[in-house]
Amino acid sequence: MAGMLRPAHLLDILRNFVLFGEDDEGRMVKIIPRYQQFRAVHKTIDRLAKGRTRVQSGDTDERGGVVWHTQGSGKSITMVFLVRKMRTTDGLKDFKIVLVTDRTQLEKQLRGTMGLSGQNIRPDKEDRKRLDSQLRACNAF
């Protein structure tokens with residue numbers, strides 16, 4: 001895993017770990033991972049892909065774990081990188097991702113950050129309108 005500039009790692013960064021957003025002044029900026037974010041995503045992908053279930057291991061579910069972050073360390077961006085990497089990994093691309101937050105402010109932050117990669121956190125007003133219209137159409141039959 002050593003060295004983010006190894007050819008395979010650099011290609012992976014270009015494919016899965018580059019985001020574009022706007023800074024406070026409205027300028028387009030490129031967001032790339034710090035080493036710890038890159039490593040955490042790869043460790044998580046490895047555990048999800050190779051970890052054994054409780055039935056398989058006999059004791060614990062090996063597919064989970066903890067990614068330790070401090071304040072301001074890029075937790076939201078790490079989550080976006082993880083989702084992007086999962087979407088390009090065979091066996092993980094169809095997983096449903098559930099994010100549980102304890103603050104409305106954090107939910108708004110995650111919605112904005114996930115939007116950088118085209119992901120939607122929860123149905124917004126347009127999604128709800130579309131779902132309501134589909135339900136009405138189904139109930140009409």
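Here, the structure is the one placed above.
Below is a short write-up of the structure. These figures come from a predicted structure and were not determined experimentally.

**Description of a nonpolar patch on the surface**
Residues L5, L10, L11 and L14 make up a contiguous nonpolar surface patch of about 410 Å² in total accessible area. Mapped onto the secondary structure, L14 falls in helix α1 (residues 7-16). Of the residues examined, L14 reaches a relative accessible area of 56% and is grouped as exposed.

**Here we look at the nonpolar core**
Of all hydrophobic cores here, the largest spans 16 residues; its most connected members are I13, F17, V41, I45 and F81. Of all the secondary structure elements, the ones that give two or more residues to this core are α2 (35-50) and α4 (75-87). Broken down by element, this core gets its largest block of residues, five residues, from α4. The contacts of I45, once residues within four sequence positions are left out, are L82, K85, M86, T89 and L92.

**Concerning the packing of α4 against helix α5 (residues 104-115)**
Here α4 crosses α5 at 45°, and the two axes come no closer than 9 Å. Here α5 runs oblique to α4, going by the angle between their axes. Crossing of α4 against α5: the hand is right-handed. On α5, the residues that touch S76, I77, M79, V80 and V83 of α4 are L106, Q109, L110, T113 and M114.

**Section: the environment of I97**
Mapped onto the elements of the fold, I97 is located in the loop between α4 and α5. C-alpha separation for the pair I97 and M79, spaced 18 residues apart in sequence, amounts to 10.0 Å. Sequence-distant contacts of I97, defined by excluding residues within four places in its chain, comprise V83, M86 and R87.

**Digging into the pattern of salt bridges**
This model, assessed by the stated rule, comprises six salt bridges. The closest approach of N and O atoms between K85 and D12, which form a salt bridge, is 2.8 Å. With a gap of 73 residues between them, K85 in helix α4 and D12 in helix α1 connect regions that are remote in the sequence. D12 matches K85 in its accessibility class, with the two residues each being buried. As a salt-bridge pair, D90 and K93 come within 3.1 Å of each other at their nearest N and O atoms. A relative accessible area of 65% means that D90 is categorised as exposed. A relative accessible area of 36% means that K93 is categorised as partly exposed. Connected via shared salt-bridge partners are D23, E25 and R27.

**What about α1?**
Those residues of α1 that sit buried are H9, D12, I13 and N16. All buried residues of α1 project into a common sector of 100° when viewed along the axis, lining one side. More than 90 degrees from the buried face of α1, the exposed residues found are P7, L14 and R15. Residues of α1 that are buried in the fold lie against α2 and α4.

Rules and cut-offs
- Numbering of residues starts from 1 in each chain and follows the order in which that chain's sequence is written.
- Only residues with pLDDT of 70 or above have their local features reported here, since the model is predicted, and side-chain atom pairs are shown and tallied only from 80 upward, although totals for entire chains, interfaces and linings are computed over all residues.
- Side-chain figures throughout are based on the complete set of non-hydrogen atoms in the structure, without hydrogens or water.
- Patch membership requires more than 30% relative accessible area and the absence of a salt bridge. Residues of like charge join within 9 Å; the nonpolar side chains Val, Leu, Ile, Met, Phe, Trp and Tyr join within 5 Å.
- Method for areas: the Shrake-Rupley scheme with a 1.4 Å probe, in which residue coverage is limited to the protein chains shown.
- Salt bridges are defined by distance alone: a side-chain nitrogen of Lys or Arg within 4 Å of a carboxyl oxygen of Asp or Glu.
- The secondary structure listing takes helices from DSSP runs of H or I that are at least 4 residues long and strands from runs of E that are at least 2 residues long, numbered from the N terminus.
- Each residue's exposure class comes from its accessible area (1.4 Å probe, protein chains only) as a fraction of the maximum for that residue type: buried when under 20%, exposed when over 50%, partly exposed otherwise.
- Think of a nonpolar core as a cluster: buried Ala, Val, Leu, Ile, Met, Phe, Trp, Tyr and Cys residues, connected wherever their side-chain atoms sit within 4.5 Å.
- Any pair of residues with heavy atoms lying within 4.5 Å of one another is described as a contacting pair.
- In this analysis, axes come from line fits to C-alpha atoms, helices being fitted only over the stretch in contact, and the angle between any two N-to-C directions falls in the range 0 to 180 degrees.
- Angles below 35 degrees are treated as roughly parallel, those above 145 as roughly antiparallel, those between 65 and 115 as roughly perpendicular, and all remaining angles as oblique.
- When the near helix sits turned anticlockwise from the far one by under a right angle, the crossing is termed left-handed; a clockwise turn instead gives a right-handed crossing.
- Think of the arc as the fan of directions from the helix axis to the C-beta atoms.

Keep in mind these values describe shape, not function.
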